[in-house]
Amino acid sequence: MEQVFFIVWRESIEALLIVGILHSWLCASSKYYPGLPYLWGGVVSGLILSVCFAVILLNISSLLGHIEQEWFQATMSFSACIFIVRTVLWMKKYGCNLKNRVEKSANKSLDRSSWWGVFILAMIAVAREGSETVFFLFSMLTASRSSNQTIMVVWYSAFALMLSIITFWLLQAGKRFISWKIFFCTTELVLLSLASALLVSGLDCFISLNLITPIVDPIWDASWLLDDSSSLGRIAANFFGYRSYPALISVLAWIAYWIVILLLRRYFR
Amino acid sequence: MSNYRYIILIVLWISTASLALASAKDLAEFSLIFKPGGYFEPTYLEVPVGRFKLELINESYEPIEFESIPLRKEKVLAPGTKSFVVIKTSRPGEFSFFDDFHRSARGIISVKDLNQ
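About the cut-offs
Residues numbered from 1 in each chain as written. Chains lettered and ligands numbered in written order. Predicted model: local features only at pLDDT ≥ 70, side-chain atom pairs only at ≥ 80, totals over all residues. Heavy atoms only, no water. 1 Å grid on protein atoms, 1.4 Å probe; cavity = no way out; pocket = protein on both sides within 12 Å on 5 of 7 lines; lining within 4 Å. Points joined across faces, edges and corners; volume = space filled by probe spheres on them. Contact = heavy atoms within 4.5 Å. Buried area = accessible area lost by both parts, 1.4 Å probe. Salt bridge = Lys/Arg side-chain N within 4 Å of Asp/Glu carboxyl O. Polar contact = N/O pair within 3.5 Å; in protein donor to acceptor, adjacent residues only side chain to side chain. Helix = DSSP H or I, 4+ residues; strand = E, 2+ residues; numbered from the N terminus. Nonpolar A, V, L, I, M, F, W, Y, C, P; charged D, E, K, R; others polar. Buried < 20%, exposed > 50% of the residue type's maximum accessible area, 1.4 Å probe, protein only. Core = buried A, V, L, I, M, F, W, Y, C linked by side-chain atoms within 4.5 Å. Pairing = 2+ DSSP bridges. Axes fitted to C-alpha atoms, helices over the stretch in contact; angles between N-to-C directions. Phe/Tyr/Trp six-rings, centres within 6.5 Å; stacked < 30°, edge-to-face > 60°. Lys NZ or Arg CZ within 6 Å of the ring centre and 35° of its normal.

**Q** Just to check I follow, could you spell out empty space enclosed by the protein for this structure?
**A** A water-sized probe, rolled over the atoms, reveals where empty space remains. The tally for this structure, following the rule as stated, stands at 2 cavities of 30 Å³ or more. By volume, the largest cavity is sized at about 50 Å³. Asp204(A), Asp228(A), Arg243(A), Tyr245(A), Pro246(A), Ala247(A), Ser250(A), Ile69(B), Pro70(B) and Arg72(B) together form the lining of the largest cavity.

**Q** Can you help me understand the interface of chain A and chain B in this one?
**A** Accessible area lost upon the coming together of the parts is a frequently used measure of interface size. Chain A puts 31 residues into the contact, and the matching count from chain B is 28 residues. By the criterion of area lost to chain B, the three top residues of chain A are His66(A), Ser229(A) and Tyr245(A), representing 20% of everything that side buries. At the boundary of chain A and chain B, one finds 6 salt bridges. Between Lys73(B) and Glu70(A) there is a salt bridge whose closest N-O contact spans 2.9 Å. Taken together, chain A and chain B are joined by 11 residue pairs in polar contact (both at pLDDT 80 or more). Of all the secondary structure elements, the ones that give two or more residues to the side of chain A that touches chain B are helix H1 (3-26), helix H2 (36-59), helix H3 (66-93), helix H5 (115-143) and helix H7 (180-208) of chain A. Residue contributions to the side of chain A that touches chain B peak at 6 residues, all from H5(A). The residue inventory of the side of chain A that touches chain B, partitioned by class, reads 11 nonpolar, 9 polar and 11 charged.

**Q** Would you mind going over the pattern of salt bridges with me for this structure?
**A** A side chain with one charge may pair with a side chain of the opposite charge, provided their charged atoms come close. Per the counting criterion, the structure on display carries 16 salt bridges over all chains. Between Arg72(B) and Asp217(A) there is a salt bridge, with its nearest N and O atoms 3.2 Å apart. With Arg72(B) in the loop between strand E5 (64-68) and strand E6 (73-77) and Asp217(A) in the loop between H7 and helix H8 (231-240), the pair connects residues from two separate chains. A relative accessible area of 13% places Arg72(B) in the buried class. With a closest N to O distance of 2.7 Å, Arg106(B) and Asp227(A) form a salt bridge. Placement of Arg106(B) in strand E9 (residues 102-112) and of Asp227(A) in the loop between H7 and H8 is noted, with the two residues assigned to different chains. The class for Arg106(B) is partly exposed, based on a relative accessible area of 41%.

**Q** Would you explain the nonpolar core in this entry?
**A** As a rule of thumb, nonpolar side chains are buried together in soluble globular proteins. By size, the foremost hydrophobic cluster in this structure holds 54 residues, and its most contacted members are Ile18(A), Trp25(A), Leu26(A), Leu39(A), Ile84(A), Leu191(A) and Tyr257(A). The element contributing the most residues to this core is H3(A), with 12 residues. When residues no more than four places from it in sequence are discounted, the contact partners of Leu26(A) are Tyr32(A), Tyr33(A), Gly35(A), Leu36(A), Leu39(A), Met91(A), Trp115(A) and Val118(A). Counting 19 residues, the second largest nonpolar core, distinct from the first, contains Ile64(B), Phe95(B), Ile109(B) and Val111(B).

**Q** Teacher, can you tell me more about the sheet that holds strand E1 (residues 28-35) of chain B here?
**A** Hydrogen bonds between backbone groups are what pair the strands of a sheet, and the pairing can be parallel or antiparallel. Residues and elements named next belong to chain B. Taken in spatial order, the 4 strands of this open sheet run E2-E1-E4-E7, and their pairing is mixed. Each edge of the open sheet carries a strand with a single partner, namely strand E2 (39-41) and strand E7 (82-89). Strand-to-strand, the axes of this sheet are offset by a mean angle of 25°, without reference to chain direction.

**Q** Got a minute to help me understand the side chain of Ser60(B) in this structure?
**A** Residue and element names in this part refer to chain B. Relative to the helices and strands, Ser60 is located in the loop between strand E4 (50-58) and E5. Within polar-contact distance, the side chain of Ser60 engages the side chain of Asn58 at 2.7 Å. Beyond its immediate chain neighbours, meaning those up to four positions away, Ser60 contacts Phe34, Lys35, Pro36, Pro79 and Gly80.

**Q** Whenever I open this one, the packing of aromatic side chains confuses me. Can you help?
**A** Each aromatic ring pair is described using two quantities: the centre-to-centre distance and the angle formed by the ring planes. All told, the structure shown has 19 aromatic pairs over all chains when counted by the stated rule. Ring centres of Trp71(A) and Phe206(A) lie 5.8 Å apart, and the angle between their planes is 65°; this geometry places the pair in the edge-to-face category. Linking Trp71(A) in helix H3 with Phe206(A) in helix H7, this pair joins segments that are 135 residues apart in sequence. Taken together, a centroid distance of 5.0 Å and an interplanar angle of 70° make the contact between Trp116(A) and Phe119(A) edge-to-face. Residue Trp116(A) and its partner Phe119(A) are both found in helix H5; the two are separated by 3 residues, about one turn of the helix. Looking at Phe119(A), the relative accessible area reads 17%, which means it is buried. Geometry around Phe84(B) places Lys53(B) over its ring, the cationic atom sitting 4.5 Å from the centre.

**Q** Hey, could you run me through the sheet that holds E9(B) in this one?
**A** Residues and elements named next belong to chain B. Strand order in the open sheet formed by 5 strands is E3-E9-E8-E5-E6, and the pairing between neighbours is mixed. Only two strands of the sheet have a single neighbouring strand rather than two, namely strand E3 (44-48) and E6. Within the sheet, the average angular offset between the axes of one strand and its neighbour, ignoring direction, is 20°. Sheet topology places E5 next to E6; 5 bridges connect them, and they run antiparallel. Looking at the pairing, Glu67 lines up with Glu74 of E6.

Here you go:
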């Protein structure tokens with residue numbers, strides 16, 4: 001039963017990081033305040049989508065073949081990856097990385113349509129892992145055989161939610177203790193690293209679907225160093241795109257991703 | 001004489017085609033049963049190289065998630081439901097899998113090259 005707590009928190013951490021970091025960036029200057037409704041609008045739509053996906057998974061999961069599910073996962077991962085990169089670069093372009101420059105460039109017009117990027121990113125981030133969490137909680141609740149068990153599920157999820165809120169708050173408070181520049185660079189790196197992990201998991205789906213060739217599968221076996229099925233390996237997989245048996249295509253794509261990011265960062269500086 | 005050759009050729013062609021079709025359809029099938037309490041059976045599965053179908057049966061009262069990172073598969077199952085995944089492997093080896101909703105148990109899918 002205690003896994004309810006752990007799973008809800010674990011599944012929400014990725015979305016929490018993305019939404020939390022975007023929120024702290026948007027709060028950096030009054031010029032970004034118009035973006036906040038888009039961010040929260042994205043979160044709410046993501047939650048609604050999660051419930052819809054969970055209902056689909058619960059009821060017509062047999063109708064939805066594994067190929068469609070794989071396509072769905074691939075689409076979600078790739079679009080989340082693209083929108084993270086897009087939003088990070090866009091925020092850099094508008095001077096979010098240098099707080100003191102923010103006020104000076106305040107007259108620089110902000111493209112309203114770009115706020116929709118924030119909306120979509122928040123929506124995908126929440127819906128991606130949210131659907132699984134809602135599915136998990138739904139079936140825990142429907143399967144519980146006593147009211148006592150139902151109460152336990154509710155309690156554990158409430159605890160997990162509280163922990164998530166504390167994590168979110170810590171993230172917001174973090175920028176008060178360290179310089180804005182360091183805060184921005186760190187959070188930027190966290191987001192870009194998350195995007196690289198999303199790219200690798202999207203590629204995994206594509207390899208499974210036979211859409212791309214893995215070239216050499218696997219190129220090496222690093223399970224003796226860090227097994228991606230262990231707890232630590234899972235964290236590395238979710239945040240850096242680590243694999244103990246990577247396909248060559250994934251390694252190449254991962255390297256290419258960081259080269260492109262470095263070049264783009266230089267361009268947008 | 002030439003007629004015989006044609007007949008033999010046609011028979012050979014049909015038999016190889018049907019063999020190929022049969023082997024494509026007869027996907028090696030295995031099943032994995034999830035028991036109440038966060039366990040599954042069997043924890044060690046021996047499969048041939050290539051494609052195989054793994055039937056997932058959730059006999060527990062809780063949702064489960066079959067996941068194998070090295071085999072690039074994940075699947076969530078509601079309590080008391082059945083589903084399957086088709087897994088493709090290109091080389092022999094041992095690949096771990098687990099129930100992501102209950103981390104108490106881990107299993108191994110051992111891919112063996114049966115032609116050797």
